[in-house]
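A look at the structure
Letter by letter, the chains look like this.
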Amino acid sequence: ERVIELRRIQQDSRSAAMLLVLRDVTAETQLHQMQREFLATAAHEMRTPMTSIRGFAGLLLTEAVAPDVQRELIGRIHHQSLRLSQLLNDLLDVSRIEAQGQGGPLVLQDLALESEVQDVLRTLATPEAADRLQLRPAPRPLVVRSHRAKLTQILLNLVSNALKYSRDRVTVTLTFDPAEGCAHIAVRDQGVGLSQAMMSRLFTKFYRVDPDGATQGTGLGLYIARTLAEQLGGRIEVCSELGVGSTFTLTLPLAGPG
Ligand code: ADP
């Protein structure tokens, strides 16, 4: 359905002439609607942790609670405030990334892929995660034409998801396709996996699958990762089986010979 705006620009009372302008505002109207929906969902997502924080703090202020219960409540407040700040960070990322999409071209540089991936794995290698992370480099060094901060953010999202939604090893494999001039970074886990129906919605904002409430997240990570990959001239594909595991593959342009 198209939305047409009708505007009267000039009217000449003596000759009864009038200048009317018709403008197709369908795209703008859709954009405003998407922004309204995004804001409504974001506010809704923030309400839950806010309500918890207020409730627990109210209890601590008005009730005489035993020290061990106090600690428990403070722990919950801390946990909910972390959730809130993660949500805020992701929301800021989304608005920054969407603004970039309408901005000028990105400034790209040549990056050695293996060392970029290693930096990300080091960032994520908490003592529990360290021995779960495995990197398989390509037979020859790969250089991509990319943007360090954006590449790092994509990798962080994919690898932290692989750790979060599985308990076993996470393998990051670097390969390339010289004919297509691109590098592939495959992040493979043996975790909970995804069904076809889940996969079709995976990259939309706020989509999460967490039936038991066992994991923390905002549902924005993969949306951010895919949008960034597209801005870098690449893409993200997923291959997964429920109960078996998932592979998320990021494809990026290799640097030219010059
Ligand atoms: P978040 O992790 O914050 O919920 P994401 O956008 O990163 O948000 O992921 C969306 C959903 O996709 C997750 O809630 C999870 O259900 C599913 N998902 C993402 N990565 C994986 C994975 N490696 N294995 C299984 N499910 C995943």
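Structure first, text after, so check above.
Now for a description of the structure that goes with this document. As the structure is a prediction and not an experimental result, all values here were calculated from the model. (Residues numbered from 1 in each chain as written. Predicted model: local features only at pLDDT ≥ 70, side-chain atom pairs only at ≥ 80, totals over all residues. Heavy atoms only, no water.)

**Some remarks on helix α5 (residues 148-164)**
Just so we agree on the cut-off: The way it works is that DSSP assigns letters per residue, a run of H or I at least four long becomes a helix, a run of E at least two long becomes a strand, and they are numbered from the N terminus. Multiplying 1.5 Å by the residue count of a helix minus one yields the expected span of that helix. The cut-offs for exposure are 20% and 50% of the maximum accessible area for each residue type, with area from a 1.4 Å probe on protein chains only; residues under the lower value are buried, those over the upper are exposed, and the others partly exposed.
Between the first and last C-alpha of α5 there are 24 Å, a value that for 17 residues agrees with the 24 Å anticipated at 1.5 Å per step. Within α5, burial applies to K150, L151, I154, L155, N157, L158, V159, N161, A162 and L163.

**With respect to a nonpolar patch on the surface**
Let me state the cut-off plainly: Each patch groups residues whose relative accessible area exceeds 30% and which form no salt bridge, using 9 Å between like charges and 5 Å between nonpolar side chains of Val, Leu, Ile, Met, Phe, Trp and Tyr. Computed with a 1.4 Å probe, the accessible areas rest on the Shrake-Rupley method; for each residue, only the protein chains presented here act as cover. Whenever a carboxyl oxygen of Asp or Glu lies within 4 Å of a side-chain nitrogen of Lys or Arg, that contact is scored as a salt bridge.
The grouping of I4, L6, M18, L20 and L22 at the surface amounts to a nonpolar patch, some 520 Å² of accessible area in total. If you list the elements that add at least two residues to the nonpolar patch, you get β1 (4-12) and β2 (17-24). Of the residues forming the nonpolar patch, the biggest block, three residues, is contributed by β2. The residue I4 is located in strand β1 in this model.

**A few points about the pairing of strand β7 (residues 182-189)**
The line we're drawing: Only when DSSP finds a minimum of two bridges between them are two strands counted as paired.
In terms of burial, β7 is a largely internal element, seven of the eight residues being buried. Of the pairings in the sheet, the one linking strand β6 (residues 170-177) to β7 comprises eight bridges and is antiparallel in character. Along β7, the bridge assignment pairs T173 with A186. Joining the antiparallel neighbours β6 and β7 is a turn of four residues, in which G181 adopts a positive phi near 70 degrees. Note that β7 and strand β9 (residues 245-253) share eight bridges and pair antiparallel. Bridge assignment links C182 to a residue of β9, and that residue is P253.

**Quick word on the nonpolar core**
In globular proteins that are soluble, nonpolar side chains generally tend to be buried together. We count it as follows: Take the buried Ala, Val, Leu, Ile, Met, Phe, Trp, Tyr and Cys residues and link them wherever side-chain atoms come within 4.5 Å; each set so joined is a nonpolar core. The contact definition used throughout considers only heavy atoms, calling two residues in contact when any of these lie within 4.5 Å.
Of all hydrophobic cores here, the largest spans 50 residues; its most connected members are L113, I154, I236 and L250. For this core, the element with the highest residue contribution is α5, accounting for seven residues. Dropping the residues within four chain positions of it, L250 is found in contact with L151, I154, L155, L158, A183, H184, I185, A229, R235 and I236.

**Observations concerning the side chain of H184**
For clarity, the cut-off: Here a polar contact is taken to be a pair of N or O atoms separated by no more than 3.5 Å, where protein atoms must pair a possible hydrogen donor with a possible acceptor and residues adjacent in sequence count only if both atoms sit in side chains.
Take H184: it is sitting in strand β7. Here the side chain of H184 touches T251 through a polar contact of 3.0 Å, side chain to side chain.

**Points about unusual backbone geometry**
Of note in the backbone geometry, F206 takes a positive phi value of approximately 70 degrees without being a glycine. Looking at where F206 falls in the secondary structure, it is placed in the loop between α6 (196-201) and α7 (221-231). The exposure class assigned to F206 is buried, which follows from its relative accessible area of 14%.

**Notes on the site of the ligand**
Rule in force here: Each residue is tested against the molecule or strand, and it is near if at least one of its non-hydrogen atoms lies within 4 Å. Each residue gets one of three labels, nonpolar for Ala, Val, Leu, Ile, Met, Phe, Trp, Tyr, Cys and Pro, charged for Asp, Glu, Lys and Arg, and polar for the others, Gly among them.
Taken together, 19 residues surround the ligand, and among them N161, Y165, R208, T218 and L222 come closest. V209 places a polar main-chain atom, nitrogen or oxygen, 3.1 Å from an oxygen atom of the ligand. Coverage of the ligand by the protein chains reaches 98% of its 530 Å² of free accessible surface. Elements with a contribution of two residues or more to the shell around the ligand: α5, α7 and β9. Each residue belonging to the shell around the ligand can be placed in one class, and the counts come to 10 nonpolar, six polar and three charged.

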